[in-house]
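Commentary on secondary and tertiary structure
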Amino acid sequence: MKCPRCGYEELLPPAPCPECDFTGSLSQIEELAHVRYLLGELAGWQELSSAAKERLQKRYLRRRRELEIELGLRLPPLTPEEARRAAREKLRLPQLLYLLDHWNERGWIKPDAANDLATRSRERIEEFRVRLAEPDTPLVPAFDSPADEVALLKSLHNELARLHQENAWLSESAHQSAVADLDERVEQLEIRLGLRRPPKKKPVPVAPEPLPTPKPAAPPREPITWERVWRTLLSERTLRVLLFVGVFLLFVSAITLVAFNWEQFHPLVQVAFLTAFTLFFYGLGWYVRVKMKLRQSGIALSATGSLLVPVDFYAIYLSGGIFPPEAWAEVWLLTSIVCLLVYTFTAALVRAEFFSYLVGAAAGSLLCAVLQVAGVPGDWWLSALCGLALLLMLLAQRWERGSEESLARIFERPFRHLALLTVTSVLLLDTGFYVVEWFFGDPFRLALALDWWLACAVYVIAAARYPRRILTSAACFTAPVALYLTLSLRFEVTETSFAWHALGWALLTPIYLILARNLAKVRQQSSGPQHSSAKDTLPSEQLTTFARLRQAQGRTVANWAVVLILWAAIWGLGDMSAATASHAVLIGSVVLAVALWQRPRLLLVASLFSLSTVTTWMATLGLDLAQYSLGWALLAILHVAIAALFRRAGRYTPLLYVAGCGAVLLSFLPPLLALDRGLMAYALFNWIALS
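Residues numbered from 1 in each chain as written. Predicted model: local features only at pLDDT ≥ 70, side-chain atom pairs only at ≥ 80, totals over all residues. Heavy atoms only, no water.

Some words on the packing of aromatic side chains
- Per the stated rule, a full pass over the model turns up 16 aromatic pairs.
- Consider the rings of F411 and F415, whose centres lie 5.5 Å apart with planes at 50°: the pair is tilted. A residue pair is termed a helical-turn pair when its members lie 3 or 4 positions apart in one helix, as F411 and F415 do in helix α15 (residues 409-436) at 4 residues.
- With a relative accessible area of 5%, F415 lands in the buried category.
- When the ring of W505 is compared with that of W571, the centres are 5.3 Å apart and the planes differ by 75°; the resulting orientation is edge-to-face. Taken together, the residues W505 in helix α18 (residues 501-520) and W571 in helix α20 (residues 540-571) connect sequence positions 66 residues apart.
- An aromatic cluster is built from Y484, F491, F498, W505, W567 and W571, whose rings are joined through pairwise contacts.
- The residue whose ring lies beneath R59 is Y60, and the NZ or CZ to ring-centre distance is 5.8 Å.
- Between R465 and the ring centre of Y466, over which it is positioned, the NZ or CZ distance is 4.4 Å. (Phe/Tyr/Trp six-rings, centres within 6.5 Å; stacked < 30°, edge-to-face > 60°. Helix = DSSP H or I, 4+ residues; strand = E, 2+ residues; numbered from the N terminus. Buried < 20%, exposed > 50% of the residue type's maximum accessible area, 1.4 Å probe, protein only. Lys NZ or Arg CZ within 6 Å of the ring centre and 35° of its normal.)

So, in structure tokens, the structure goes:
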């Protein structure tokens, strides 16, 4: 016999149910089962009229309620007084929930205590709603007079006292504030219901209109005097204009000298002239910045001197008097070393970000010069620059945690910008070379794959610090491309079908889904920059903005995960074995998405991938058309078995049953098309057994 409470199949009254301890009279349990069966069959009785079926339904519903009450499966109907108290409590508890939210926002009550009381209140509201909705419940008004409504609100003082006994308030003053707030609400309700006279409003004094103020007379024009002329000539704007005019004339004169009379000087004189000309700009920049207090103009002059350093070395090399023509690589290396030292010293002295960009550029030039001198093939130069970009990004992340006054902070933002610019430029160049076959061979393709992996690492670090959609999309896009380029080298050696790329992409999808879910869970308390020092100093408005950005970043990663799942599913169809493996992994990815986002409908997608997995697997075995029915029937059995195993998960099992029924119906097609009676009989037997 089936237990009427939990559905246990082997109940033996009057012995209690081993699952839920239910016990009752055997005759009543049998009668309840018969009544339930009749109610289930009543809708299908076509020979009865609608009025007759409605009368029978009311009769059996009433008898079912009586039996359930006698067996203890349903509470007895409420009396009029109990219904009145339940209706009042159903109105009182929402007022308590509103006050709990208000007290929590004011910071008066402990959040754990407020959440616990709110949860219990919502459960009681649902319980009262169900009891009052029963047909046997008498309809009685909750209030007989307006005074009852006021008394209901006053009864919340008991909740305040109980919370005070449980030490739920943050302080005694918070408790007193909550009591005063409730008293004020009671007073306002009494005034609104006409039980109390409203307080008399004090007359507002009318301020006298201000007298119109007379317009001030225009000040007399200052006479033109020699003092005013000198003050205008010595102003910052005039000095800046005169300074740049003089520098421009000096620069033009130097170019004229080099262009027309350069060969007439000895090489040592040329070196001395170029060195003095560069040092002149450095000295002038220091004087303008420090002595004249014109910081921007001084930085511009120092920047001009810094840009002249590599130009000086190039001019000396072209003159041919000091360096031989075949030593251009060594000259490049020496120039890069000198520029790196000079730019680093200037950046530390001036504290301007422009020179930090020059430091990064000099570091890249030095790296390329070292590779040239060492004889490293050009295939690896761009990979070395990507490695340098990753190093710059890591340094920027580390130096960002320092104080605002630290020297490292002037390098933080330029290094991050240079890292992103470098990897983006390298990817564009590498991809262009790969498409037009400018370079070819395994070393270049291996370096190309390494470039994409390093660029992915740079984008991931940048996206972790700045949750921007373009950085997140770049990180999500570069990872599959890097994996494709890496596996292509292996597949060509082993002569593996390129459809197996789908398996690699499918293995990436769980990582994307887990990352997307973790980002979507970010709240205001955990949002903000990655380092705690900046998080502690950000205001609450910026924390909320960071939380929204993180959640938007999570949605972007989830969208890329969907694109990657679809792309892997389609790409793997080029080879049935690859499709079987990749679709099997995608089943796990979709099930993981169901568990992370609590989306039962995604189980249908997982069932679709399971169908494609079984179908492609059977295709690799070379089975006949009729034999496909065996695999699809087995798939239906697995769906039903999983649904039965997880029968307590009510949101998921119906979809599994639907997918199982669909697989059973699909298993009829192969033997029907192939006219195979044996397999058709097996499919029918499988359908009957599962039903």
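Notes on the nonpolar core
- Among the nonpolar cores identified, the biggest contains 52 residues, and Y343, F355, M393, L420, V423, V458 and Y459 are the most heavily contacted of them.
- If we skip the residues at most four places from it in the chain, V423 touches C386, A389, A455, V458 and Y459.
- Counting residues in each nonpolar core, the second largest holds 29 residues, with L99, A118, A174 and V186 among its members. (Core = buried A, V, L, I, M, F, W, Y, C linked by side-chain atoms within 4.5 Å. Contact = heavy atoms within 4.5 Å.)

Considering the pattern of salt bridges
- Applying the stated criterion to the full structure yields 11 salt bridges.
- A salt bridge links E159 to R92; its shortest N-O distance comes to 3.5 Å. One end of the pair, E159, is in helix α6 (residues 156-165); the other, R92, is in helix α3 (residues 80-106), with 67 residues separating them in the sequence. Neither residue differs from the other here; E159 and R92 are each classed as buried.
- Here E492 and R445 are joined by a salt bridge, their closest N and O atoms 2.7 Å apart. Of this pair, E492 sits in helix α17 (residues 469-494) while R445 sits in helix α16 (residues 442-465), placing them 47 residues apart in sequence.
- Here the salt bridges do not stand alone but share partners, grouping E89, R92, R124, E159 and R162 into one network. (Salt bridge = Lys/Arg side-chain N within 4 Å of Asp/Glu carboxyl O.)

Points about the environment of A384
- Looking at the secondary structure, you find A384 in helix α14 (residues 381-399).
- Separated by 20 residues in sequence, A384 and G364 place their C-alpha atoms 8.9 Å apart.
- Setting aside chain neighbours within four positions, we find A384 in contact with L367 and L371.

Regarding a nonpolar patch on the surface
- There is a patch of nonpolar side chains on the surface, built from L630, L634, I637, L638, I642, L645, F646 and Y682 and spanning about 740 Å² of accessible area.
- Examining the composition of the nonpolar patch, we find that 6 residues originate from one element, helix α23 (residues 628-645), more than from any other.
- One can find L634 in helix α23.
- Judged by relative accessible area, which is 47%, L634 ranks as partly exposed. (Patch = residues over 30% accessible without salt bridge, like charges linked within 9 Å, V, L, I, M, F, W, Y side chains within 5 Å. Areas by Shrake-Rupley, 256 points an atom, 1.4 Å probe, with all protein chains shown as cover.)

Concerning the environment of P18
- In this structure, P18 sits in the segment before α1 (26-42).
- Taking the C-alpha atoms as reference, P18 lies 9.9 Å from C3; in sequence the two are 15 residues apart.

Quick notes on the packing of helix α5 (residues 146-154) against helix α7 (residues 172-192)
- It is the contact of α5 with α7, at a shortest axis distance of 10 Å, that shows an interaxial angle of 170°. Considering the angle they form, α5 stands roughly antiparallel to α7. Only L182, R185, V186, L189 and E190 of α7 make contact with α5, whose side of the interface consists of E149, V150, L153 and K154.
- Looking at the contact of α5 with α7 residue by residue, the class counts come to 5 nonpolar, no polar and 4 charged. (Axes fitted to C-alpha atoms, helices over the stretch in contact; angles between N-to-C directions. Parallel < 35°, antiparallel > 145°, perpendicular 65-115°, else oblique. Nonpolar A, V, L, I, M, F, W, Y, C, P; charged D, E, K, R; others polar.)

Side note on unusual backbone geometry
- A positive phi angle, near 55°, is found at E495, a position not held by glycine.
- Looking at the element boundaries, E495 is found in the loop between α17 and α18.
- E495 gets classed as exposed once you look at its relative accessible area, which sits at 74%.
- The backbone of Q598 shows a phi angle near 55°, a positive value even though the residue is not glycine.
- With respect to the helices and strands, the residue Q598 is situated in the loop between α21 (576-597) and α22 (602-621).

A closer look at helix α4 (residues 111-132)
- Helix length check: α4 (22 residues) gives 31 Å between terminal C-alpha atoms against 32 Å at 1.5 Å per residue, within 8%.
- Those residues of α4 that fall on the buried side of the exposure criterion are A114, L117, A118, S121, I125, F128 and R131. Looking straight down α4, one finds its buried side chains confined to an arc of 150°; they lie on one side. Turned more than 90 degrees off the buried face of α4, the exposed positions are D112 and E123.
- Contact partners of the buried residues in α4: α3 and α6. (Expected span 1.5 Å × (residues − 1). Arc of directions from axis to C-beta.)

Focus: the side chain of T335
- Checked against the element boundaries, T335 lands in helix α12 (residues 328-350).
- Taking the relative accessible area as the measure of exposure, T335 reaches 10% and is therefore buried.
- Residue contacts for T335: discarding those within four places in its chain leaves P310 and F313.

A look at the environment of V370
- Checked against the element boundaries, V370 lands in helix α13 (residues 353-374).
- Since its relative accessible area comes to 40%, V370 is described here as partly exposed.
- In this structure, the C-alpha to C-alpha distance between V370 and W332, residues 38 residues apart in sequence, is 9.0 Å.

Comments concerning the side chain of Q553
- Tracing the sequence through the fold places Q553 in helix α20.
- A polar contact of 2.8 Å, which involves the side chain of Q553, links it to the side chain of R550.
- If we skip the residues at most four places from it in the chain, Q553 touches A463, P467, T472 and L519. (Polar contact = N/O pair within 3.5 Å; in protein donor to acceptor, adjacent residues only side chain to side chain.)

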